[in-house]
Amino acid sequence: MTGADIAQSELGFDGEGIRVGIIDTGVDYDHPDFGGAGVDGETSFPSDKVVAGYDFVGDDYNSDPEDPNYQPVPMPDADPDDCNGHGTHVAGIVGADGDVLNGGVRGVAPGVELGAYRVFGCEGSTESDIMVAAMERALDDGMDVVNQSIGSAFSTWPQYPTAVASDNLVDAGVVMVASIGNSGASGTWSAGAPGVGEDVIGVASFDNVSVTASVVEIDGEEHPYFPATGSPEPPTEGSLPLARLGDPGTAAARACPDITADLDGHAVLIERGADAADPACDASFYAKALKAQNAGAAAVVIYNNVPGVINPTVAGTPPITIPVIAISQASGLAADAAVVDGGATLTWTDEIGTAPNPTAGLMSDFSSYGLAADLTLKPDLGAPGGSIYSTYPLEEGEYATISGTSMAAPHVAGAAALFLQARPDTDAHDVRDHLLNTADPATWSGAPNQGYTEPVHRQGAGMLDIDDAILSAATVTPGKLSLGESEQGAVTRELTVTNDGEEDVTYELSSTSAIATADDPDDPGFYDGDARVVMPDELTVPAGGEASFEVAISPAEDLEQAQYGGYVVLTPEEGEPLSVPFAGFAGDYQAQPLLENLGDIDLPALGQIDECDRFLGIECAAGGVWNLADGGTVYTLADGDVPTVLVHLEHPAQSLTFTIYRPMPEGASTQAVERQAVARYEEHIGRDSGTFTAWTWDGTRSTSGGGRSPVPDGHYVLEVEVLSALGDADNPDHVETWSTPSFVIDRDGDGEVPPLEPEEPVEPGPAPQQYGFFLNDGWDGKPEHVFQYGRHTDEVLIGDWDADGTDTITVRRENRFYVNNAPRGGDADSVFTYGRPGDVVLVGDWNGDGRDTLAVRRGSTYHVKNSLRGGEPDHVITYGRASDAVMVGDWDGNGTDTFAVRRASTYYVKNSMRSGDADRTFTYGREADVTLAGDWDGNGTDTFAVRRGNAYFVKNSLAGGDADFSVRFGREGDEVLVGDWNGDGRDTLGVRRTPSETAEPNG
């Protein structure tokens, strides 16, 4: 199917000299097809074949909180043996070198050396940080190609951590291959990371030409079968009478009604699927198996309701304790006819058989759809993944047939190894283009005999064709065209053809359109996507040279809000054609609906947890049941009882912002709400498929420097604001909003919360200020400046905004800033907008003009602004790590503020606004200390103080050792501010205390 046999037998390539890393469940290096002894535990690691690797997690590790065996603490060791099977199967597809004549497996690149990087326990899930660590280890071990048959479904943004890390490895010279996902039944925008990475080769799955599997006999006829995951292994001998439940296609045959027949001692035939007349029918494989088990069945035989094979899963509670197997539709109908015709017997065997696959070469029904959320064309190409026979751990049977894009990706990883052996000087970024140019687009699996082409956003460039890739003397770049949205008309791109051959080549230029999809992403409609492609009729490329041409592409005029695509085809006078896939979105991408109902459930909605099997912090990670909450619902913030917004995102979103409001008191002249602060901000969110996400709020708000502080008990409203993918936050057409009803935070549950209106004082006359700002010009604890400004949920920033030598207050709400040039309440002196709502904001005098301005931090990148206004940054630098704590100060006394980062109790100080190494490094205080920066002695140089409770340990130099002095100030729970409040050149402390209501600036 892929030409790997030709590459090996005719071209003489087997991957020798290439290293392929397998990030997976480990590899059984005892297996004889990997050069092992063939006996468990008798082969030393590393071996001649599996030359490197590491176990990052241990056998018991399982990061899936919904699994009863949840155990998220890694216990790494040096032995990456496989107790699951998945990784051994994947490794065999890449590079097994078994004796085929005696039942062994020969992989795509049998001459490669393998690296085994185990990131899973014996069962369950893993985490992104562990995968990233495995990537780093594979890079250090000199892997040329890395395969990741792993994916986070519906994580369609290339900014996902594993996608970004994979892109970084490509930059470092490693070809990165990843499965695109197995969520095809759930519709479009279902691909997953890391396969959606910008430079990652994301791989779709085609069905194999034949099925190799264990065989069961039914009335003397052999039928290949697949054991269901979650059920006992089928026996290899013995017989059972075979029963049926009803005629194929009926609700009875599909076990929709309860099974009333006595199936004691029988194997029972059950058809896959649901009943259109009975929406309540539970069509899951588990439900079918459980009904049969409860009726006394000794085994279950599930047969497909469409051509092709299936790999069912019957895991559940209570467990399935009888063997469950799956057979093809043809086998099922034959078995059903045998039962009708006088009865039939099922006989278990230990035989392995092969049968033609009726869906050979078509897209596997489980293979996920793109595009990526940023409209990048994904997947990139496909390979065989349906019904793949490969190696398996010795203790699990030695060989197995499994289906999934997990099986397709290693075909491509092995092909990349063959290609690198043939062309060792090829850059890691360029391998994908070569593979895409020569791939073969497939017919549409939905109507395989009607001449339509499978959607590009499901098959990418088509079926891998490695021998053509190796033999081709020409390359077309870029290898794929991501067209974006078509709202502005045709999209024009330039393609360049490079001819490494010894003769000029003339190509006829043409195009082919593919099926388009639109409508409900969970249940998409399919349309004839006849794209309009304008380009020259032919192109001549000189020998040893290159030539370029422009192509203008637009979707069919009748397509609306649809994903469409096709292929630019370059056909030479002699030889194989080259093609370039293209895909885009017909219409206004930002008009796609976001906040939608979920069936009959009106969403978004305020929710309150009712049941939960496992909490991780405040998040219900397993078994969550929420009640829809009314206005006035009380949350205690204990045991997961936190304000929760239930959201169903119909399409991917650029960002999701939850903003805190205070509701107006009942009977007020307006029901408008007062904006307060950002409760939660998330970026790059995938869509919810057939479910909702419970977004929780922990009752805190953001503070200066990226910290969090609790809001007081009281009445609140959360506004949900979702920005469309690739949308403009300033364009109201790109934003959808929804607000919760008013709810109450009452931490101790005593019912005593502040009223919506401030209570009148018991006695006339001003009362001492209890809340607001208390700023001290010295260290005596007696504040000279006491005032209220802003709202208690505002984020507070301190700086000298007007260059008068005195620091004052600015408050932030999302990405809007209210500047006050004096230590007083009242209106803001200026108001402006800068950055994004979720940015971490820093304050400093970046250019030495005496005026403080802002910088925003995103990860380890800083966007610096030299004026108090919006617009583009004046300077962008990268320094430190995304996880660092960051401080700002004038560390060398030159009048310009720069950055320092803190890791534990070590400080890395930078004296200039550029990237690179720190200028000074030292250790001070304890890891748990809160660090403050200021010019404590007025010498023009900022240094550090550390806070423990309400005790401050001040240091007047950038060095370790003892504090120069210590003081106590304020209360342990105060929010502490640092500034030069009186202009004497010395920074001192202020504190902020928040009530339920404070004054606010007007802008």
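Keep in mind that this is a model prediction, so the values were computed, not measured.

Chemist: Give me the lowdown on the packing of aromatic side chains, citing residues and values where you can.
Modeler: For the structure on display, the rule yields 22 aromatic pairs. Connected via pairs of aromatic rings, a cluster forms that spans Tyr635, Trp697, Tyr716 and Phe743. A cation sits over an aromatic face here: Arg813 above Tyr818, 4.6 Å from the ring centre. Sitting over the ring of Tyr908, Arg903 keeps its end group 4.7 Å from the ring centre.

Chemist: Please set out the state of the cysteines residue by residue, giving values where relevant.
Modeler: Under the counting rule described, the total for this entry stands at three disulfides. Between the sulfur atoms of Cys83 and its disulfide mate Cys122 the distance is 2.0 Å. Handedness here is read from the sign of the S-S torsion; for Cys83 and Cys122, about -105°, the answer is left-handed. In this pair, Cys83 is assigned in the loop between strand S2 (50-55) and helix H2 (86-95) and Cys122 in the loop between strand S3 (113-118) and helix H3 (128-140), connecting sequence segments 39 residues apart.

Chemist: Report on the confidence of the model for the chain, specifying residues and quantitative values.
Modeler: Scored by pLDDT, the chain has a mean of 91; 96% of the residues are at 70 or more. pLDDT under 50 marks residues 667-675. Its contacts with residues more than four places away, or in other chains, come to 19 contacts. Low pLDDT (under 50) marks residues 996-1003, which in the prediction has 33 contacts with non-local residues, meaning those over four places away or in another chain.

Chemist: Now, about the pairing of strand S12 (residues 267-271): what can you tell me, with residues and values included?
Modeler: The buried count for S12 comes to five of five residues, which makes it a mostly enclosed element. Neither face of S12 is exposed, since Ala267, Leu269 and Glu271 on one face and Val268 and Ile270 on the opposite face are all buried. Across two bridges, the pairing between strand S11 (residues 239-243) and S12 is parallel. The residue bridging Leu242 from the neighbouring strand is Ala267, located in S12.

Chemist: Describe the nonpolar core, naming the residues involved and giving the relevant values.
Modeler: Formed by 77 residues in total, the largest nonpolar core has its most connected members in Val20, Val145, Val175, Val177, Val412, Leu435 and Ile466. Residue contributions to this core peak at eleven residues, all from helix H7 (residues 405-422). If near-sequence neighbours (up to four positions away) are discounted, Val175 is found in contact with Asp144, Val145, Val146, Ile201, Ala416, Leu420, Ala428 and Val431. In this structure, Ala474, Val533, Ile553 and Leu570 belong to the second largest nonpolar core, which totals 30 residues.

Analysis parameters
- Residues numbered from 1 in each chain as written.
- Predicted model: local features only at pLDDT ≥ 70, side-chain atom pairs only at ≥ 80, totals over all residues.
- Heavy atoms only, no water.
- Phe/Tyr/Trp six-rings, centres within 6.5 Å; stacked < 30°, edge-to-face > 60°.
- Lys NZ or Arg CZ within 6 Å of the ring centre and 35° of its normal.
- Disulfide = S-S within 2.5 Å.
- Helix = DSSP H or I, 4+ residues; strand = E, 2+ residues; numbered from the N terminus.
- pLDDT = per-residue confidence, 0-100.
- Contact = heavy atoms within 4.5 Å.
- Buried < 20%, exposed > 50% of the residue type's maximum accessible area, 1.4 Å probe, protein only.
- Pairing = 2+ DSSP bridges.
- Core = buried A, V, L, I, M, F, W, Y, C linked by side-chain atoms within 4.5 Å.

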